[in-house]
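Residues per chain, in single letters:
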Amino acid sequence: GPLHKSRKYSLLQEIYSRNSFVVAFLKFLYLMFSHQENVMEIDEDSNQATHVLKIYDESKNKEYRLSLPGHTTVAQVKRDTYTLTGIPVLRQIWCGWPDLVRDNSILEHLGLDEPFHCLTVSSENSEAVLAPTVYIDLAETDSSHEDFEDAAENFAVDDEMFAASSSNRNSPLIPNDVEDETAGSVHFIDGFTYRYGENTPNFFPGPLEDAINEACMKPAKERRMLGIYLHHDGSVLTNVFCTEVLGSESVLQMFTNNFVLWGWDLTNTENRNMFLASALKSLGGPVADTVRKITVTELPALLIIVRSRSNTELFNVINGNIGINEFMTLLIHAVDVHAQMLETEIKEDELRAARERIKIRTRSSVSTIFTGRSSQRGSQT
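In this report, we go over the structure that sits alongside the text. (Residues numbered from 1 in each chain as written. Predicted model: local features only at pLDDT ≥ 70, side-chain atom pairs only at ≥ 80, totals over all residues. Heavy atoms only, no water.)

### Looking at the overall build of the chain
Okay, so step 1: The helix and strand tally for the chain stands at 11 helices and eight strands.
Okay, so step 2: Looking at the chain residue by residue over its 381 residues, the buried ones come to 31%.
Okay, so step 3: Partitioning the contacts of the chain with sequence separation of at least 6, the portion at a separation of at least 24 is 66%.
Okay, so step 4: Of the roughly 24700 Å² of accessible surface on the chain, 54% is carried by carbon and sulfur atoms. (Helix = DSSP H or I, 4+ residues; strand = E, 2+ residues; numbered from the N terminus. Buried < 20%, exposed > 50% of the residue type's maximum accessible area, 1.4 Å probe, protein only. Contact = heavy atoms within 4.5 Å. Areas by Shrake-Rupley, 256 points an atom, 1.4 Å probe, with all protein chains shown as cover.)

### Regarding the pattern of salt bridges
Side chains carrying opposite charge are able to pair once their charged atoms draw close together.
Okay, so step 1: Tallied over the full model, the rule gives five salt bridges.
Okay, so step 2: The partner of Asp 103 in a salt bridge is Lys 78, and the shortest N-O contact between them spans 2.8 Å. Here Lys 78 lies in helix α3 (residues 74-85) and Asp 103 lies in the loop between β3 (92-95) and β4 (117-123), a separation of 25 residues in the sequence.
Okay, so step 3: A relative accessible area of 41% places Asp 103 in the partly exposed class.
Okay, so step 4: Notably, a salt bridge pairs Asp 289 with Arg 292, separated by 2.7 Å at the nearest N-O pair. Note that Asp 289 and Arg 292 are positioned in helix α10 (residues 285-293) at a spacing of three residues, about one turn of the helix. (Salt bridge = Lys/Arg side-chain N within 4 Å of Asp/Glu carboxyl O.)

### Observations regarding helix α6 (residues 208-216)
Okay, so step 1: Within α6 the residues assigned to the buried category are Leu 208, Ala 211, Ile 212, Ala 215 and Cys 216. End-on, the buried residues of α6 take up no more than an arc of 100 degrees, which puts them together on one face.
Okay, so step 2: Elements in contact with the buried residues of α6: α5 (181-196), β5 (225-231), β6 (259-265), α9 (269-283), β7 (301-308) and β8 (311-319). (Arc of directions from axis to C-beta.)

### Concerning the packing of aromatic side chains
Okay, so step 1: Applying the stated rule across the entire model yields 14 aromatic pairs.
Okay, so step 2: For the ring pair Phe 192 and Tyr 196, a centre distance of 4.8 Å and an interplane angle of 50 degrees mean the geometry is tilted. Separated by four residues within a single helix, Phe 192 and Tyr 196 lie in helix α5, roughly one turn from each other. An identical accessibility class is assigned to Phe 192 and Tyr 196; each is buried.
Okay, so step 3: Grouping aromatic residues by their ring pairs yields a cluster made of Phe 188, Phe 192, Tyr 196, Phe 203, Tyr 229, Phe 241, Phe 255, Phe 259 and Phe 327.
Okay, so step 4: The positively charged end of Lys 54 is found above the aromatic ring belonging to Phe 116, 3.9 Å away from the centroid. (Phe/Tyr/Trp six-rings, centres within 6.5 Å; stacked < 30°, edge-to-face > 60°. Lys NZ or Arg CZ within 6 Å of the ring centre and 35° of its normal.)

### A short note on the pairing of β7
Okay, so step 1: With eight of its eight residues buried, β7 lies for the most part within the structure.
Okay, so step 2: What you see with β7 is no split at all: Ala 301, Leu 303, Ile 305 and Arg 307 on one side and Leu 302, Ile 304, Val 306 and Ser 308 on the other are buried throughout.
Okay, so step 3: As judged from the eight bridges shared by β7 and β8, these two strands associate in the antiparallel manner. When the sheet's bridge partners are listed, Ala 301 is paired in β8 with Asn 319.
Okay, so step 4: Between β7 and β8, which pair antiparallel and follow one another directly, the connecting turn spans two residues, one of which, Arg 309, has a positive phi of 55 degrees. (Pairing = 2+ DSSP bridges.)

Structure (structure tokens):
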């Protein structure tokens, strides 16, 4: 009845007053965990959110559309734009970013327009920026003659360090007196990485013949193309090609997934002759003749070697006088053609294996029949 309910209510009040600390603590735990769940939900939603960027390339009068997750940085957008437009990151001039944007800024924190945000990119002129001339009036300085002598000594040390660093960078990737292809390959990889940084292709270490075996002399399901990169320091195209084309993320990913890449430096005559002899031995006269006819102005170059059925042959030669977009187009074409070749060969291998299984079963059946007849004749006699 009503009396019973009031008694129960008074008991609850008494328990609550005596255990107010416990109740308060439980409330605190509830609020804390519910807040964490809300934060986790917000983080998950923000990670799943995507931002659509419409990027207009003024130099080519072309628009690109990128759908990127919210955690993408501005630096990643610039690298993706380089892949699309061929404009190096350092040459990109942007219009449309919010104020105070930085390369490490995240898209979801920039307050971009929805449902898409419009940006414009162009390429700055490649004219050299001259350093300002600094004039020093020695009459107004407090430095003594001894101070300038000490400074001169310090500059001399710095000049020596700079000269050593410069000589290392300008030295050939493979020295003249290299012992063999294995040593030359190791020198090439170390020199290439030192000169152009860590964002470089993963070259195969070892002689050319081993690289051919790794790429081409495997079953069709495991086979890849062989890319032979030929380097020459005497070409004006080398530095741009190595940094902007071979250093591109899309190109590096393409090499990793579809190629075994092997590199060699043709700058020195001895090393050039060593490669020609190896190519003649491992790939035949036509490939060696093709390389022999490539001029310095056409280098660097990438030779694409494929194996179709029982023949290892030259598929294409890509010279270094092209941009990133055309280079990627040629690589994609090579990958598509090679995939079709492998698909045909895999089907032929499967049909051949099926025919062999049928032959084995037929021979086994015939042998069983003859064995059975022979045993029957023996029992009749």
